[in-house]
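Coordinate analysis (summary)
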Amino acid sequence: RIMRPDDANIAGNVHGGTILKMIEEAGAIISTRHCNSQAGEPCVAALARVERTDFLSPMCIGEVANVSAEITYTSRHSVEVQVNVMSENILTGAKKVTNKATLWYVPLSLKNVNKVLEVPPIEYARKEQEDEGKKRYEEQKLDRLETKQRNGDVILPVINPEPHTVGYSQSSLIHLVGPSDCTLLGFVHGGVTMKLMDEVAGIVAARHCKTNIVTASVDAINFHEKIKKGCVITVSGRMTFTSNKSMEIEVFVDADPFVDEPRERYRAVSAFFTYVSLSKEGKPLPVPQLLTETEDEKRRFEEGKGRYLQTKAKRQAQMQQAAQQ
Amino acid sequence: RIMRPDDANIAGNVHGGTILKMIEEAGAIISTRHCNSQAGEPCVAALARVERTDFLSPMCIGEVANVSAEITYTSRHSVEVQVNVMSENILTGAKKVTNKATLWYVPLSLKNVNKVLEVPPIEYARKEQEDEGKKRYEEQKLDRLETKQRNGDVILPVINPEPHTVGYSQSSLIHLVGPSDCTLLGFVHGGVTMKLMDEVAGIVAARHCKTNIVTASVDAINFHEKIKKGCVITVSGRMTFTSNKSMEIEVFVDADPFVDEPRERYRAVSAFFTYVSLSKEGKPLPVPQLLTETEDEKRRFEEGKGRYLQTKAKRQAQMQQAAQQ
Amino acid sequence: RIMRPDDANIAGNVHGGTILKMIEEAGAIISTRHCNSQAGEPCVAALARVERTDFLSPMCIGEVANVSAEITYTSRHSVEVQVNVMSENILTGAKKVTNKATLWYVPLSLKNVNKVLEVPPIEYARKEQEDEGKKRYEEQKLDRLETKQRNGDVILPVINPEPHTVGYSQSSLIHLVGPSDCTLLGFVHGGVTMKLMDEVAGIVAARHCKTNIVTASVDAINFHEKIKKGCVITVSGRMTFTSNKSMEIEVFVDADPFVDEPRERYRAVSAFFTYVSLSKEGKPLPVPQLLTETEDEKRRFEEGKGRYLQTKAKRQAQMQQAAQQ
């Protein structure tokens, strides 16, 4: 579809959240279709995880987004989908890869939302494809277990914070979940949640550096808990790390089923977003260093630095590999 | 994309206007891409006309709409696009043709909106394709000239109207044209206008028969005049004709460029929509007869009857032809 | 237009904010049209104030909202508009008055947004109409000056609050102002701001009483400061008073022009919203009493009680008057 002014920031760059939402919708369609392809209980595919994804080039107002999706692996209860997004300038015909994302979906029964159904197996062109898929499946399973344990953290408000501290840029929004945010099962689309997370992360980044900012990448996101229609969700973000040219923001999503449910507020999702700051000509700008004050902030900064260096090393290894080929 | 609650009426049937908007977006993308395929002045394709289109089967919330578009003819200054819409139930895998539409676009220069550019010719597999296209081109050209003359009519309000009269169900809405309604040139997308027209026509139909109603077909629509960002548009509808099972509604779109333009309010588009009334089980219901009072209403009723009988005769001829093959 | 699922809460009642947004759009259109009716500098009417308005009967999904607007007074630099909203059930034909609102607009030059233009005078059928309008004009002018002074208050966060305290239900959201939120001048529509205010107030009310809640009335709102495209706005709400069957919530709107503006965060609007709690059958429910803890909270509770008793007295006087006629 054509990108509109409402999909973009004031500099004309499409929000990463808009792209994440399109990616998730494509993934939900292809995996729901696949899981219902054999006779059996009807089901809806629910997003369980998005792998780390990089925004390779910015998309602009007036460009057309081409989204294509393919099922690349199936385990007994989950589907791996690869989604590619290309931006096309229909005036010049130029096309660019914007995004490659890998998503994991789980089929939930339409009659009983707590029942996970079996996934019809796909056929692989080569045996290695299946083996590699299985390896990816095991890796993400492990990672999901780990993040589940980390999930108790809360963002506390700070009174009169100094510029460039964590408290200065931290932000949160609340959103009442409406019918158009939800699947047939009455649960929020993963893509809607990711769009809100990107919105908060973007405001944290802009508050910190007061320039035009764009999403550079999103770390793996695990969807531990479903969020039901009528819930109020609180999306909060705080900056955890800055390098010379990038900012890492941690985002939490908490759900509050406050009408006709006996349940307490719970953590539904958390993730790390990386942003860069751009000049009016679209060149990367230096980012002011994050001032850490408490022990927790210093620890999170070091952890963020670890993730940053790890990603950088991985990228350099890939580039060397590519150069040698 | 997946159909959401906001795309549909309370019975779950997707509004004809939502489908028309998707059709027009697909047509605008493919024709803008084609017109920019050769080096030259960049341009945006503007909708000039939509041929009569039937809604063959209703689409429902949760279904996926598949829209495909193909360029079928090019004249020197216009492009004919054929758009097909299929609804897919991704739970059962069932697919149905919802709609086949033919649209005409004209390339306008990005630098000077009043300059119509030349269209790169397409290649035809067979000579007959070109000849048939040329015939369609001449026909629509003639029809556009005719409607241009009819366009002076105004809908006047009626005080305390009786049920089933024209005055009883006539309706209008106003809409302030915002940035997301517009193309790169700052003019309203034809699809946005058609969606509003369908909304008004639907309210007229529901007021008349007080049941669940759905769009059955739309007569050819000609876009005579562009509508600029910042305009207020008034969309008005009145019933012109009822058969036993259908209602014909005439819809006018008037634009009011009331800020920073010296221009008077003008008629931008007009069209006829046909609606049917459905029971809760989706079966067609009888429609109360329209009570005509004035001479003009009686004349419009007869004209509507003419269009109705003509369409019916055409359809029967097609069915006979199909039966003989 | 027809009320859609996204316009309403899970019980099907249309959000007060959706109605306020429609009212403001109608007011902006009629006053912009009036102020441009004479040759002169083109201008856009900006919302300066909304008088107290009651929501007389709830509107539901599937109903059609009829909005009509009329200019009732003009001063040298401002326009008073009366807007009426009727809900119409198009299946039964039943119509109900939902809302009567009075709004004040000021014409700002399209070329220089800081220049207030002169308003063409309207003609009055009777001299008393002009005199009464002038009285209303003087009254609102006085009230605007007063509220301007009150505007320094801030909502501070509370850690681990008890149920039914002020801290327990207080809420805030952030919103990045996009192009569709704005007028031709690049400033937020008053209606967009009111919709966000109602959203926050509704979440405060629902958190307090954990039932289905609806907007009962909105006190006069003054728009002291414009909010520019690209700003982040923070909308915060806290409960100030509860009677047996109603809750009063104070809402603040702060604007943060954080990109390419040297300006500090500022208070743009503040207002009081009154909500009632409804059972599933739509009957009013008792509201849990607000627990006040600090001196400020106790003072605000007393002030809220004052407003409540004053409104009640006014309403009783009107009813007596009506009974005597």
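As annotated in an unreviewed UniProt entry, chain A is palmitoyl-CoA hydrolase from Mohoua ochrocephala. UniProt lists a comment for chain A under the heading Subcellular location (unreviewed entry), and it reads "Cytoplasm".

**Observations concerning the overall build of chain A**
Regarding its fold elements, chain A presents 5 helices and 11 strands. Taking the principal axes of the C-alpha coordinates as reference, chain A spans close to 60 × 55 × 35 Å. Looking at chain A as a whole, 54% of its 325 residues are labelled buried. In chain A, the share of contacts with a sequence separation of at least 24, taken over all contacts with a separation of at least 6, comes to 72%.

**Details of the environment of Glu281 of chain C**
Assignment of secondary structure puts Glu281 of chain C in the loop between β11 (266–278) and α5 (295–324). Sequence separation of Glu281 of chain C and Ile71 of chain C is 210 residues, and the distance between their C-alpha atoms is 38 Å.

**Details of the relation of the copies chain A and chain B**
Rotating chain A by 180° about the axis while translating it 0.0 Å along that axis superimposes it on chain B, leaving an RMSD of 0.1 Å. Taken together, the rotation angle and the small translation identify this as a two-fold axis. No C-alpha of chain A lies nearer the rotation axis than that of Arg1 of chain A, which sits 5.0 Å from it.

**A short note on the interface of chain A and chain C**
The partner chain C presents 31 residues to the 31 residues of chain A that form the contact. Inspection of the region where chain A meets chain C yields 2 salt bridges. In this structure, Asp256 of chain A engages Arg207 of chain C in a salt bridge whose closest nitrogen and oxygen atoms are separated by 3.5 Å. Our count for the chain A to chain C interface comes out at 0 residue pairs in polar contact (both at pLDDT 80 or more). Listed by contribution, the elements that provide at least two residues to the side of chain A that touches chain C are β6 (171–176), α4 (190–209) and β9 (232–242) of chain A. For the side of chain A that touches chain C, the leading source of residues is β6 of chain A, giving 5 residues. Residue classes in the side of chain A that touches chain C are distributed as 14 nonpolar, 8 polar and 9 charged.

**Observations concerning the packing of helix α1 (residues 16–35) of chain C against helix α4 (residues 190–209) of chain C**
Residues and elements named next belong to chain C. Relative orientation of the contacting elements α1 and α4 amounts to 170°, with a least axis distance of 8 Å. The orientation of α1 relative to α4 falls into the category roughly antiparallel. The residues of α4 that touch α1, namely those facing Gly16, Gly17, Thr18, Leu20, Lys21 and Glu24, are Gly190, Gly191, Val192, Met194, Lys195 and Asp198. Split by residue class, the contact of α1 with α4 holds 3 nonpolar, 5 polar and 4 charged.

**Brief notes about the UniProt feature "domain: HotDog ACOT-type" (unreviewed entry) in chain A**
Under the feature "domain: HotDog ACOT-type" (unreviewed entry), the UniProt entry names residues 1–111 and 167–281 of chain A. Helix makes up 18% of residues 1–111 of chain A and strand makes up 41%, while its end C-alpha atoms are separated by 33 Å.

**Some details on the pairing of strand β9 (residues 232–242) of chain C**
Residue and element names in this part refer to chain C. When you tally the buried positions in β9, you get 11 out of 11 residues, the bulk of the element. Where strand β6 (residues 171–176) lies against β9, 6 bridges are found, and the strand directions are antiparallel. Directly across from Ile174, in β9, lies its bridge partner Thr234. Of the pairings in the sheet, the one linking β9 to strand β10 (residues 247–256) comprises 10 bridges and is antiparallel in character. Within β10, the position partnered with Ser236 by the bridge is Phe252. Here β9 folds back onto β10, and the loop between the two strands holds 4 residues.

**Examining the domain arrangement of chain A**
Residue and element names in this part refer to chain A. Taken as a whole, chain A is organised into domain 1 (2–121) and domain 2 (166–300). Taken together, the contact pairs 25 residues of domain 1 with 26 residues of domain 2. At the boundary of domain 1 with domain 2, total buried surface from both sides reaches about 2100 Å², with 62% on carbon and sulfur atoms. Applying the counting rule to domain 1 against domain 2 returns 1 salt bridge. Taken together, domain 1 and domain 2 are joined by 10 residue pairs in polar contact (both at pLDDT 80 or more). Among the elements of the structure, α1 (16–35), β1 (43–50), β2 (53–54) and β5 (95–109) are those that each provide at least two residues to the side of domain 1 that touches domain 2. It is α1 that contributes the most residues to the side of domain 1 that touches domain 2, 6 residues altogether. For the side of domain 1 that touches domain 2, the per-class residue count stands at 10 nonpolar, 9 polar and 6 charged.

**Some points on the UniProt feature "active site" (unreviewed entry) in chain A**
Residues and elements named next belong to chain A. Under the UniProt annotation, the feature "active site" (unreviewed entry) is placed at Asn9 and Asp198. Across 190 residues of sequence, these annotated residues stay compact in space, with a maximum C-alpha separation of 12.2 Å. Following the sequence through the fold, Asn9 ends up in the segment before α1. Asn9 sits in the buried class, given a relative accessible area of 15%. Beyond its immediate chain neighbours, meaning those up to four positions away, Asn9 contacts His15, Asn212, Ile213 and Val214. By the secondary structure assignment, Asp198 is in helix α4. We classify Asp198 as buried; its relative accessible area is 4%. Sequence-distant contacts of Asp198, that is, excluding residues within four places in its chain, are made with His15, Gly16, Gly17, Thr215, Phe273 and Tyr275.

**Let's talk about a nonpolar patch on the surface**
Residues Ile61 of chain A together with Leu110 and Leu184 of chain B make up a contiguous nonpolar surface patch of roughly 220 Å² in combined accessible area. Secondary-structure assignment places Leu184 of chain B in the loop between β6 (171–176) and α4 (190–209).

**Regarding the packing of aromatic side chains**
Scanning the entire structure with this criterion turns up 18 aromatic pairs over all chains. Judged by centre distance (6.4 Å) and plane angle (70°), the rings of Tyr73 of chain B and Trp104 of chain B are edge-to-face. Remark: Trp104 of chain B occurs in strand β5 (residues 95–109) and Tyr73 of chain B occurs in strand β3 (residues 64–74); sequence separation between them is 31 residues. Each member of the pair, Tyr73 of chain B as well as Trp104 of chain B, is classed as buried. Plain terms: the ring middles of Phe241 of chain B and Tyr308 of chain B are 5.4 Å apart, the flat faces sit at 45° to each other, and that makes the pair tilted. Of this pair, Phe241 of chain B sits in strand β9 (residues 232–242) while Tyr308 of chain B is found in helix α5 (residues 295–324), placing the two residues 67 residues apart along the sequence. Residue classification places Tyr308 of chain B among the partly exposed residues on the basis of a relative accessible area of 28%. Put simply, the rings of Tyr73, Trp104, Tyr124 and Tyr137 of chain A touch in pairs and so form one group of aromatic residues. Between Lys226 of chain A and the ring centre of Phe187 of chain A, over which it is positioned, the NZ or CZ distance is 5.6 Å.

**Description of the confidence of the model for chain A**
Per-residue confidence for chain A gives a mean pLDDT of 88, with 96% of residues at or over 70. This complex was scored by the predictor with a pTM of 0.81 and an ipTM of 0.75.

**Observations concerning α5 of chain C**
Here α5 of chain C is 30 residues long and its end C-alpha atoms lie 44 Å apart, about the 44 Å a rise of 1.5 Å per residue gives. Next to the buried residues of α5 of chain C lie α3 (166–169), β9 and β10 of chain C.

**Remarks on the relation of the copies chain A and chain C**
When chain A is brought onto chain C, the operation consists of a screw motion whose angular component is 180° and whose axial shift is 0.1 Å, with 0.1 Å RMSD remaining. By residue overlap, the copies meet face to face through one surface: 97% of the interface positions of chain A are interface positions in chain C.

**Structural notes on the pattern of salt bridges**
Throughout the structure, instances matching the rule amount to 53 salt bridges over all chains. The salt bridge partner of Asp131 of chain A is Lys127 of chain A, with a shortest N-O separation of 2.8 Å. Of this pair, Asp131 of chain A and Lys127 of chain A are both found in helix α2 (residues 127–150), 4 residues apart, which corresponds to roughly one turn of the helix. With a shortest N-O distance of 3.9 Å, Arg265 of chain C and Asp256 of chain C are connected by a salt bridge. Since its relative accessible area comes to 42%, Arg265 of chain C is described here as partly exposed.

**Considerations on the environment of Ala28 of chain B**
Residues and elements named next belong to chain B. When you line up the elements, Ala28 lands in helix α1 (residues 16–35). Each C-alpha atom, one on Ala28 and one on Thr183, is 9.7 Å from the other, the two residues being 155 residues apart in sequence. Dropping the residues within four chain positions of it, Ala28 is found in contact with Ala45 and Tyr105.

**What about the nonpolar core?**
Ile227 of chain A together with Ile227 of chain C are the most contacted members of the largest nonpolar core, which has 148 residues in total. Ignoring anything within four residues of it in the chain, the contact list for Ile227 of chain A reads Val177, Gly186, Phe187, Val188, Ile233, Val253, Ala255, Tyr266 and Ala268 of chain A.

**Side note on the interface of chain A and chain B**
Counting residues at the interface gives 24 residues for chain A and 23 residues for chain B. The junction of chain A with chain B conceals about 2100 Å² of combined surface from both sides, 63% of it contributed by carbon and sulfur atoms. Contact with chain B buries area across many residues of chain A, yet Ile90, Leu91 and Ser180 of chain A alone supply 28% of it, more than any other trio. For the pair chain A and chain B, the number of links is 2 salt bridges. Between Arg33 of chain A and Glu88 of chain B there is a salt bridge, with the nearest N and O atoms lying 2.5 Å from each other. Counting every contact that joins chain A to chain B gives 4 residue pairs in polar contact (both at pLDDT 80 or more). Of all the secondary structure elements, the ones that give two or more residues to the side of chain A that touches chain B are α1 and β3 (64–74) of chain A. A total of 5 residues in the side of chain A that touches chain B trace back to one element, the largest contributor, which is α1 of chain A.

Cut-offs used in this document
Residues numbered from 1 in each chain as written. Chains lettered and ligands numbered in written order. Predicted model: local features only at pLDDT ≥ 70, side-chain atom pairs only at ≥ 80, totals over all residues. Heavy atoms only, no water. UniProt positions renumbered as here; feature names shortened; annotations may be inferred. Helix = DSSP H or I, 4+ residues; strand = E, 2+ residues; numbered from the N terminus. Buried < 20%, exposed > 50% of the residue type's maximum accessible area, 1.4 Å probe, protein only. Contact = heavy atoms within 4.5 Å. Least-squares fit on C-alpha atoms with pLDDT ≥ 70 in both. Salt bridge = Lys/Arg side-chain N within 4 Å of Asp/Glu carboxyl O. Polar contact = N/O pair within 3.5 Å; in protein donor to acceptor, adjacent residues only side chain to side chain. Nonpolar A, V, L, I, M, F, W, Y, C, P; charged D, E, K, R; others polar. Axes fitted to C-alpha atoms, helices over the stretch in contact; angles between N-to-C directions. Parallel < 35°, antiparallel > 145°, perpendicular 65-115°, else oblique. Pairing = 2+ DSSP bridges. Domains from an automatic or database assignment. Buried area = accessible area lost by both parts, 1.4 Å probe. Patch = residues over 30% accessible without salt bridge, like charges linked within 9 Å, V, L, I, M, F, W, Y side chains within 5 Å. Areas by Shrake-Rupley, 256 points an atom, 1.4 Å probe, with all protein chains shown as cover. Phe/Tyr/Trp six-rings, centres within 6.5 Å; stacked < 30°, edge-to-face > 60°. Lys NZ or Arg CZ within 6 Å of the ring centre and 35° of its normal. pLDDT = per-residue confidence, 0-100. Expected span 1.5 Å × (residues − 1). Core = buried A, V, L, I, M, F, W, Y, C linked by side-chain atoms within 4.5 Å.

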